[in-house]
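Examining the three-dimensional arrangement
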Amino acid sequence: MEFLGFAGFAGAFLLFALAMVFMGVKVVPQGMQYTVERFGRYTSTLKPGLHLIVPVVDRIGAQLNMMEQVLDVPSQEVITKDNAMVKADGVVFYQILDAAAAAYEVNDLHRAILNLTMTNVRTVMGSMDLDELLSQRDNINARLLAVVDEATSPWGVKVTRIEIKDISPPRDLVDAMARQMKAEREKRAQILDAEGVRQSQILVAEGEKQSAILEAEGRREAAFRDAEAREREAEAEAKATTMVSEAIASGDLQAINYFVAQKYVEALKDIASAGNQKVLFMPMEATGILGSLAGVAELGKEAFAKTGGGNTDSGGGSVPSSR
């Protein structure tokens, strides 16, 4: 009987010892950390792996996820600096760096981070105008990250990123913004049209200016050429008159006939070329022209005779020079 009683006690003690060992062995998975409390007081932190604690005396306090976590920020209404009502939501990325601080410095870590983020979203976005709110999301994210990360630092938490996902203005405000954008685009289009017309007018004016300049230069060149031609014509006329005068001075009457015939022919040409002349009456002494032309022929013969170096017979009888 005594043996049976001892065997039963030994068996019970063995079972108790096995239960104590089983209660003292703790396995911490990767990415997790456990806090150990002895009689309700924090003593240590168990990292991933196999650990032994004192059963009954020690117990696991908090089991914390040490990986980076994501926390959704629900949509909330925010009043901007220019009294516009918008709805905004976001997302927070954070990671626990100190398990003990995260377990014992704050109660309900997730709710604390969420409320802190929502409060600062209203603060940061409420200090900005609507236009800044819609165009400066990076600035909003940076300001929120700096404020929330500093506030959660005593909790052993590192806030790695805060992103505003959506900003929704009221429908009437969206319509007003669409009308404003349309008006701005129409304004820019009108400005571009006006600039195009202005540039076109400038180019046309420049072209007309260059055309006028070239036309003036052409007129100047033509006037210069005309003056030069008239000058040469006058020189030739003067030279011809001088030669005729010298011939008359030397007693050559054929030169007088040549000169008179030339003027007579020019006068007839002017009369014939007049626009209001339909019928031309020749003078009675038309044979005077033939006499003058005969004088011109005699001058030519004399000139050729002198050039040839000898006297040449004039042939037929002389035509009277003037009647």
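Right, let's walk through the structure included here. (Residues numbered from 1 in each chain as written. Predicted model: local features only at pLDDT ≥ 70, side-chain atom pairs only at ≥ 80, totals over all residues. Heavy atoms only, no water.)

1. Notes on helix H3 (residues 109–126)
Compared with an ideal rise of 1.5 Å per residue, which puts 18 residues at 26 Å, H3 spans 26 Å between its outermost C-alpha atoms and is within 8% of the ideal. For H3, the set of buried residues is Leu109, Ala112, Ile113, Leu114, Thr117, Met118, Asn120, Val121, Val124 and Met125. Packing partners of the buried residues in H3 comprise strand S6 (69–79), strand S7 (85–96), helix H2 (99–104), helix H4 (130–135), helix H5 (137–152) and strand S8 (157–168). (Helix = DSSP H or I, 4+ residues; strand = E, 2+ residues; numbered from the N terminus. Expected span 1.5 Å × (residues − 1). Buried < 20%, exposed > 50% of the residue type's maximum accessible area, 1.4 Å probe, protein only. Contact = heavy atoms within 4.5 Å.)

2. Describing the environment of Met128
Looking at the secondary structure, you find Met128 in the loop between H3 and H4. Residue classification places Met128 among the buried residues on the basis of a relative accessible area of 2%. It is 5.9 Å that separates the C-alpha atoms of Met128 and Thr80, two residues lying 48 residues apart in sequence. Look past the residues within four positions of Met128 in its chain and what remains in contact with it is Thr80, Lys81, Leu133, Gln136, Asn139, Ile140 and Arg143.

3. Section: the sheet that holds strand S5 (residues 58–65)
One open sheet accounts for three strands, arranged S3-S2-S5; its pairing is antiparallel. The outermost strands of the open sheet, each flanked by one partner alone, are strand S3 (41–46) and S5. Within this sheet the neighbouring strands show an average axis-to-axis angle of 30°, counted without direction. Two elements, strand S2 (residues 32–38) and S3, share five bridges in a ladder whose sense is antiparallel. Note that in S3 the partner of Arg38 across the bridge is Arg41. (Pairing = 2+ DSSP bridges. Axes fitted to C-alpha atoms, helices over the stretch in contact; angles between N-to-C directions.)

4. A word on the side chain of Thr80
Structurally, Thr80 is set in the loop between S6 and S7. The class of Thr80 is buried, set by a relative accessible area of 3%. Within the structure, the side chain of Thr80 is placed 2.5 Å from the side chain of Asp82, a separation counted as a polar contact. With residues up to four places along the chain from it excluded, the contact list for Thr80 reads Val86, Met125, Gly126, Met128, Leu130 and Leu133. (Polar contact = N/O pair within 3.5 Å; in protein donor to acceptor, adjacent residues only side chain to side chain.)

5. A word on the nonpolar core
With 35 residues, the main nonpolar core has Leu109, Ile113, Met125, Leu133 and Ile140 as its most contacted residues. Of all the secondary-structure elements, those providing two or more residues to this core are S5, S6, S7, H2, H3, H4, H5 and S8. With eight residues, H3 is the largest single contributor of residues to this core. Excluding its chain neighbours within four sequence positions, the residues that come into contact with Met125 are Val78, Thr80, Ala88, Leu133, Ile140 and Ile167. Counting residues in each nonpolar core, the second largest holds seven residues, with Val28, Leu46, Ile53 and Ile60 among its members. (Core = buried A, V, L, I, M, F, W, Y, C linked by side-chain atoms within 4.5 Å.)

6. Describing the sheet that holds S7
Hydrogen bonding along the main chain pairs the strands of a sheet, whether they run parallel or antiparallel. Spatial strand order, S6-S7-S8: three strands in an open sheet with antiparallel pairing. Both edges of this open sheet fall to S6 and S8, since each of them pairs with a single strand only. In this sheet, neighbouring strand axes are inclined to one another by 20° on average, regardless of whether the strands run parallel or antiparallel. Examined bridge by bridge, S7 and S8 share ten bridges and lie antiparallel to one another. If you follow Val92 over to S8, its bridge partner there is Ile162. Against the sheet, H3 touches S6, S7 and S8, its axis set at about 35° to S6.

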